[in-house]
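As a plain string of letters, each chain reads:
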Amino acid sequence: MTDDPVPIETRLSEPEYYRPPPSFVGQANVTDPTVFDEFDQFPEGFEAYAERLDWDERWDTVFDGSDPPYFRWFTGGRLNAAHNCVDRHLEEYAEKTAFVWEGEPGDCRRLAYQDLYREVNEFAAALRAVGVEEGDVVTLHLPMVPALPISMLACARLGAVHSEVFGGFSAPALADRIADADSRHLITIDGYYRRGEFLQHKRKADDAREQLDDDVDAVLVWTREDDLHPATELTERDVLVGDLLAVHRGDSVDPVPRASTDPLFLMYTSGTTGKPKGAQHGTGGYLSYVTGTTHSLFDIHPTDTYWCFADIGWITGHSYIVYGPLANAASSVLYEGAPDHPHRGRVWEIAEKYGVDIFHTSPTAIRLFMRWGESHLEPYDFDFKHLTSVGEPIQPEVWRWYYDHVGGGDSVVIDTWWQTETGGVVLSNLPALADMKPGYVGRPMPGISAAILDDDGAELEAGSGQAGYLVLDRPWPGMLQTLQGDDERYIEEYWADFSDLDSDDWRDWVYKAGDSAVEAADGYFRVLGRIDDVMNVAGHRLGSMELESVIVEVPDVAEAAVAARDHPEKGQVPDAYVVLREDAEAGAEVREAVREAVATDIGKFARPDHVTVVDSLPYTRSGKIMRRLLGEISNERPLSDTTTLEDPAVPERIREQVSGE
Ligand code: WTA
């Protein structure tokens, strides 16, 4: 960990606090600061979250830490997630909107809880009919259409484990995830709209299947319109969801009670090796945590309209579009398309149309809105009381713009730090209980214990101005259970650095998040970004090695390294550095081939703009690529220590090659 030479506190402009408006505080769900003391009664404090759910059988043990780091929550308990998100609301909220979906071309669909109940039951019956059973992993490759939450909940109803692969992922990325999870069923859709174009999405499923050694048993194909798109071809494994539903109209399926510790879903995310890892989330702990934090942090009331402008295909959408909001009987907006189609006021138009009062998005989106300018907001009449941000550090000036222009200066603006692995938000200020401070995510959530450690594992004091490793040193119910099929990697990635691996006392186990952070004297955390070889591109997490393993497959490329470059809107973008094979020619062609390989094998969102052909990469004497140095070159920063390099002159030569382009 590099020391921060200038204390971060003095580098920011004046630390500045903003009070939550009294009108907000007066209506907030959580206003009593003793909530922190209650949750510090570990682990019993977390029972308050579990109490918010319906259990078929109540747990007998709140927390079982006897086999660290495989922590188990609410053991002995049984529950069903779909029942908790849908069925139990019918008595009071059958007619209440669960989702209102806006298609990009402007078509819309309202699903009341009663409708959601019907759709989930019918689709669960359909899944069962094609052979899906409790415990099976079902892969979903769906964009932002109602079919996505319906499919997730139908799986949950049957006790099947869903593994949704973000719709923007390409066929090879999808195939990898199907194979890794040993999934026998795939759910897709003919297509969807993005910037006015109908994307032939199902073709990715077809291509993915060709790459699998072991084909799936069935592909279930939803349709974007009533009928299948004329350009969509079906194969003998494909089953049209519409045909299945026609047989199962009006069917209902009893929700299968699951052990609290049974897995609910897998969510693949990027790590420090080339292979994506499937974070496995359990049923009782995860659902309790997201239900509790949705209530306390997003502060949703029955009368609110909430919009999390994110994609369900990532963890944010799982936790804070689907499970948390539905478990709280919220009414949410879903939007299919791009924020600038057909015009740059689209988001605010939708906010006005549905009366959204709680809005959640990412710094990448806010920076985009900021660049487009306030004039795109002005024509619309919307009024937010609560705004949140997630996914990347939000710069103070971006925070202020969000506060002033989106919030109108009278809403709360909450930054939320968490990860796929944490299941729900772990660092953030409860909106009515703390002043806001731009650039700072805030304090740990109730029951969460966070710290910042130096290289030796010693805790850095609040106010020291020094950056260190952000860790969570006490378990929490939302945490992942393990990585799909890879317990060893689970320990290696998260626990190995700061835990006593021989200890069977959970107190000796410390979760390393992979981010660096500083803690101000007031106890507010400021998250600086990843310290491992993982970057955050427009809020999408990408591993350097994941990109590199694709780039070295380009025939002319011998070696590749990828580093993150700071980008004014996307936060970070990948820069590729490649060494060519001897007979290959450096030129625009090979650079384009690299970009295309990434777009084809991972997804367009990951495509590197800058591809630099270099003579050699900076290897250490032990043969590791020092991507940190490449990052410094990409960001035009002075080079840090190069003494461990096999050839310390390499970075300077690369720098010349970059500037010579
Ligand atoms: C980053 C997204 C700064 C961080 C929920 C983390 C953030 C990674 C913030 C997880 C924030 C997320 N401030 N950085 N408020 N929220 N991050 O798994 O680097 O897609 O490790 O989960 O995003 O990304 P993931």
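Only a predicted model underlies this, so the values are computations on that prediction, with no experimental measurement involved.

Here is what the cut-offs are and how they apply
- Residues numbered from 1 in each chain as written.
- Predicted model: local features only at pLDDT ≥ 70, side-chain atom pairs only at ≥ 80, totals over all residues.
- Heavy atoms only, no water.
- Buried < 20%, exposed > 50% of the residue type's maximum accessible area, 1.4 Å probe, protein only.
- Helix = DSSP H or I, 4+ residues; strand = E, 2+ residues; numbered from the N terminus.
- Pairing = 2+ DSSP bridges.
- Axes fitted to C-alpha atoms, helices over the stretch in contact; angles between N-to-C directions.
- Parallel < 35°, antiparallel > 145°, perpendicular 65-115°, else oblique.
- Left-handed = near helix turned anticlockwise from the far one by under 90°.
- Contact = heavy atoms within 4.5 Å.
- Nonpolar A, V, L, I, M, F, W, Y, C, P; charged D, E, K, R; others polar.
- Near = heavy atom within 4 Å.
- Polar contact = N/O pair within 3.5 Å; in protein donor to acceptor, adjacent residues only side chain to side chain.
- Areas by Shrake-Rupley, 256 points an atom, 1.4 Å probe, with all protein chains shown as cover.
- Domains from an automatic or database assignment.
- Buried area = accessible area lost by both parts, 1.4 Å probe.
- Salt bridge = Lys/Arg side-chain N within 4 Å of Asp/Glu carboxyl O.
- Phe/Tyr/Trp six-rings, centres within 6.5 Å; stacked < 30°, edge-to-face > 60°.
- Core = buried A, V, L, I, M, F, W, Y, C linked by side-chain atoms within 4.5 Å.

The next point concerns the pairing of strand β11 (residues 218-222). In terms of residue burial, β11 counts as a mostly covered element, since five of its five residues are buried. Neither face of β11 is exposed, since Ala218, Leu220 and Trp222 on one face and Val219 and Val221 on the opposite face are all buried. Two elements, strand β8 (residues 185-189) and β11, share five bridges in a ladder whose sense is parallel. Looking at the pairing, His185 lines up with Ala218 of β11. Across three bridges, the pairing between β11 and strand β12 (residues 238-240) is parallel. What sits directly across from Leu220, in β12, is Val239.

As a further point, take the packing of helix α9 (residues 171-181) against helix α10 (residues 202-211). When two helices pack together, their arrangement is captured by the angle between the axes and the distance separating the axes. One can describe the packing of α9 onto α10 by two numbers: an axis separation of 8 Å at closest approach and a directional angle of 55 degrees. The angle between α9 and α10 places the two elements in the oblique class. For the crossing formed where α9 meets α10, the hand is right-handed. Judged by residue contacts, Ala171, Pro172, Leu174 and Ala175 of α9 engage Lys204, Ala205, Asp207, Ala208 and Gln211 from α10. For the contact of α9 with α10, a count of residues per class yields six nonpolar, one polar and two charged.

Another aspect to go through is the sheet that holds strand β15 (residues 277-282). In spatial order, the strands read β12-β11-β8-β6-β7-β14-β15-β23; together these eight strands make up an open sheet with mixed pairing. Single-partner strands in this sheet number two, and they are β12 and β23 (482-483).

An order of β5-β4-β17-β16-β18-β19-β20 is seen for the seven strands of this open sheet, with the pairing classed as mixed. The open sheet has two free edges, formed respectively by β5 (108-112) and β20 (412-416), since each of these has just one partner strand. Across the sheet, the mean angle separating the axes of adjacent strands is 20 degrees when strand polarity is ignored. One ladder, built from four bridges, connects strand β4 (residues 97-102) with strand β17 (residues 331-335); its direction is parallel. Along β17, the bridge assignment pairs Val100 with Val333. Each of β4, β16 (305-308), β17, β18 (358-361) and β19 (386-390) is contacted by helix α13 (residues 315-327), which is oriented at about 160 degrees to β16, the strand it contacts most. The strands that helix α14 (residues 346-354) touches are β4, β5, β16, β17 and β18; relative to β4, the one it contacts most, it runs at about 145 degrees.

Around the ligand lies a shell of 17 residues, among which Thr416, Thr420, Asp515, Arg530 and Arg541 are the nearest. Between a nitrogen atom of the ligand and a main-chain N or O atom of Glu392, the distance comes to 3.2 Å. The backbone of Thr416 places a nitrogen or oxygen atom 2.7 Å from a nitrogen atom of the ligand. Coverage of the ligand by the protein amounts to 96% of the 530 Å² it exposes when considered alone.

What follows covers the domain arrangement of the chain. The domain boundaries assigned to the chain delineate domain 1 (32-306 + 324-338 + 474-483) and domain 2 (538-659). Domain 1 and domain 2 are separated by 36 Å when their C-alpha centres are compared. Of the roughly 970 Å² buried where domain 1 meets domain 2, counting both sides, 50% is carbon and sulfur surface. Glu546 is the partner of Arg177 in a salt bridge, and the nearest nitrogen-oxygen pair spans 3.8 Å. Among the elements that make up the side of domain 1 that touches domain 2, the one with the highest residue count is α9 (four residues).

Quick look at the packing of aromatic side chains now. Per the counting criterion, the structure on display carries 55 aromatic pairs. With centroids separated by 5.6 Å and ring planes inclined at 80 degrees, the aromatic side chains of Phe39 and Phe46 adopt a geometry described as edge-to-face. Residue classification places Phe46 among the buried residues on the basis of a relative accessible area of 0%. Taking the centre distance of 6.4 Å and the plane angle of 35 degrees together, the rings of Phe309 and Tyr335 count as tilted. Pair noted here: Phe309 is in the loop between β16 and α13 and Tyr335 is in strand β17, with a separation of 26 residues, a long-range link. Note on accessibility: Phe309 and Tyr335 belong to one class, buried.

A few words now on the nonpolar core. Core analysis: the biggest nonpolar cluster contains 149 residues, and Phe46, Phe123, Trp222, Tyr323 and Phe359 have the highest contact counts within it. Examining the composition of this core, we find that nine residues originate from one element, helix α8 (residues 147-158), more than from any other. Once you skip the residues sitting within four places of it in the chain, Trp222 turns out to touch Phe123, Leu142, Ala147, Ile150, Ser151, Ile187, Thr188, Ile189, Asp190, Val241 and Leu245. Counting 41 residues, the second largest nonpolar core, distinct from the first, contains Ala205, Ala564, Ala576 and Val598.

A few words now on unusual backbone geometry. Residue Pro68 is joined to Pro69 through a cis peptide bond whose omega torsion reads 0 degrees. Summarising the element assignment, Pro69 is placed in the loop between β1 (61-64) and β2 (72-75). Of note, Arg195 is a non-glycine position whose phi angle comes to about 50 degrees, a positive value. Mapped onto the elements of the fold, Arg195 is located in the loop between β9 (192-194) and β10 (197-199). Given a relative accessible area of 47%, Arg195 falls into the partly exposed group.

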